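Tertiary structure, described
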Amino acid sequence: MKRSLWHRLDALARHLTPFALTLFLLVVELAPLHVPGLAEMAPLLPVAAIYHWTIYRPDLMPAAAVFLLGLLHDALTGLPFGSSTLVFLMVYGAVLSQRRFFIGKSFVIHWLGFAMVGAGAVFFLWLTVSALNGGFVQGRAGLFQYLATLGAFPLLSWLFLGWQQAVLRND
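Let me begin by describing the structure that accompanies this report.

A separate point is the overall build of the protein chain. Helices and strands together make up the secondary structure of the protein chain, namely eight helices and zero strands. Beginning at the N terminus, the succession of helices and strands in the protein chain can be written as α-α-α-α-α-α-α-α. On C-alpha atoms alone, the protein chain measures out to a radius of gyration of 17 Å, which is about the 16 Å that the 2.2 N^0.38 rule sets for 171 residues. Taken along its principal axes, the extent of the C-alpha atoms in the protein chain is 60 × 35 × 30 Å. In the protein chain, which comprises 171 residues, the proportion classed as buried is 39%. For the protein chain, the proportion of contacts with a sequence separation of at least 24, taken over those separated by at least 6, is 74%. Accessible surface for the protein chain amounts to roughly 9700 Å². Of this, 72% is attributable to carbon and sulfur atoms. Of the side chains in the protein chain, 10 bear a positive and 6 a negative charge, and the two mean positions are spaced by 13 Å.

Here it is, written out as structure tokens:
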């Protein structure tokens, strides 16, 4: 039986939601809040989204989407092109390689896994930016960025799981 145009559009919209939600978080991360020094310490919200969707729905968060998100992050943050892209793809690859381990585990295991992946993401982003600047940049902002990202993860994970159950359950 041939599916109607509306069913196909609905399926396409559902399949694009992980990318769209991650893109939304990327924009939220960059929202101007006029707080001095906040931009350097803003949580890396897209990393949490990439981590989640790579575990639960890697078919809806392919490497090409992660690559595009990294380029957009670099363009919007002013970071050297390729730095966020490299970090996002490293997160994607690391999580994808360990996906079988995470399936069926408790939230605590997912959070501990994210703590390690998030630390690596912030460290490699700091290292990349330092290398491209020709010297080490201050690491304190990276530490606060990591802690903010780690603290945001439970709420984001809960929201993504709810979205997954409500919107993506029919896939």
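Right, let's get into helix 3 (residues 45-56). Relative to the 16 Å expected for twelve residues at 1.5 Å per residue, helix 3 spans 17 Å between its end C-alpha atoms, a close match to the ideal helical length. Here helix 3 lies mainly inside the structure; eleven of its twelve residues are buried. If you check which residues of helix 3 are buried, you get Leu45, Pro46, Val47, Ala48, Ala49, Ile50, Tyr51, His52, Trp53, Thr54 and Ile55. Buried-residue contacts for helix 3 involve helix 1 (5-29), helix 4 (63-77), helix 5 (83-97), helix 6 (99-102), helix 7 (107-133) and helix 8 (140-167).

In this structure, Val47, Tyr51, Phe88, Val91, Phe114 and Leu156 are the most contacted members of the largest nonpolar core, which totals 38 residues. Of all the secondary-structure elements, those providing two or more residues to this core are helix 1, helix 3, helix 4, helix 5, helix 7 and helix 8. Ranked by residue count, the leading element in this core is helix 3, at eight residues. Beyond its immediate sequence surroundings of up to four residues, Phe114 is in contact with Val47, Ala48, Tyr51, Ala119, Thr149, Leu150 and Phe153.

So, about the packing of aromatic side chains. Throughout the structure, instances matching the rule amount to ten aromatic pairs. Ring centres 5.6 Å apart and planes at 35 degrees place the aromatic pair Phe107 and Trp111 in the tilted group. Taken together, the residues span about one helical turn, with Phe107 and Trp111 both in helix 7 at a distance of four residues. By relative accessible area, which is 34% here, Trp111 ends up partly exposed. With a centroid separation of 5.9 Å and 35 degrees between ring planes, the pair formed by Phe123 and Trp126 is classed as tilted. One end of the pair, Phe123, and the other, Trp126, are both in helix 7, three residues apart, so they sit about a helical turn from each other. A relative accessible area of 42% places Phe123 in the partly exposed class. A connected cluster of aromatic rings, assembled from ring pairs, spans Tyr51, Phe101, Phe102, Phe107, Trp111, Phe114 and Phe153. Above the ring of Phe101, the side-chain terminus of Lys105 is found at 4.6 Å from the ring centroid.

Before going further, it helps to spend a moment on the pattern of salt bridges. Scanning the model with the defined rule gives one salt bridge in all. Its salt-bridge partner being Asp59, residue Arg57 comes within 3.0 Å of it at the nearest N-O pair.

What counts, and at which threshold
- All residue numbers refer to positions counted from 1 along the written sequence of the respective chain.
- Under the rules for a predicted model, residues below a pLDDT of 70 receive no local features and side-chain atom pairs below 80 are neither given nor counted, while totals for whole chains, interfaces and linings still include all residues.
- Side-chain numbers here rest on the full set of heavy atoms in the structure, without hydrogens or water.
- Put simply, DSSP marks the helices as runs of H or I at least four residues long and the strands as runs of E at least two long, and each gets a number from the N terminus on.
- Values of the radius of gyration come from C-alpha atoms, whereas the globule rule sets the reference at 2.2 Å times the count of residues to the power 0.38.
- Here the term buried applies to any residue with accessible area under 20% of the maximum for its type, exposed to any over 50%, and partly exposed to those in between, with areas from a 1.4 Å probe on protein chains only.
- Between two residues, a contact is recorded if the distance between any of their heavy atoms is within 4.5 Å.
- Computed with a 1.4 Å probe, the accessible areas rest on the Shrake-Rupley method; for each residue, only the protein chains presented here act as cover.
- The sign given to each residue is positive for Lys and Arg and negative for Asp and Glu; His and the chain ends receive no count.
- For the purpose of locating charges, the reference atoms are NZ of Lys, CZ of Arg, CG of Asp and CD of Glu.
- For a helix, the expected span equals 1.5 Å multiplied by the number of residues minus one.
- Side-chain atoms within 4.5 Å are what join buried Ala, Val, Leu, Ile, Met, Phe, Trp, Tyr and Cys residues into a set we call a nonpolar core.
- We call Phe, Tyr and Trp rings a pair once their centres come within 6.5 Å, taking the six-membered ring for Trp, and we label the pair stacked below 30 degrees between planes, edge-to-face above 60, and tilted otherwise.
- Think of it as a cone above the ring: NZ of Lys or CZ of Arg counts as a charge over the ring if it is within 6 Å of the ring centre and within 35 degrees of the ring normal.
- The term salt bridge refers to a pairing of a side-chain nitrogen on Lys or Arg with a carboxyl oxygen on Asp or Glu at a separation within 4 Å.

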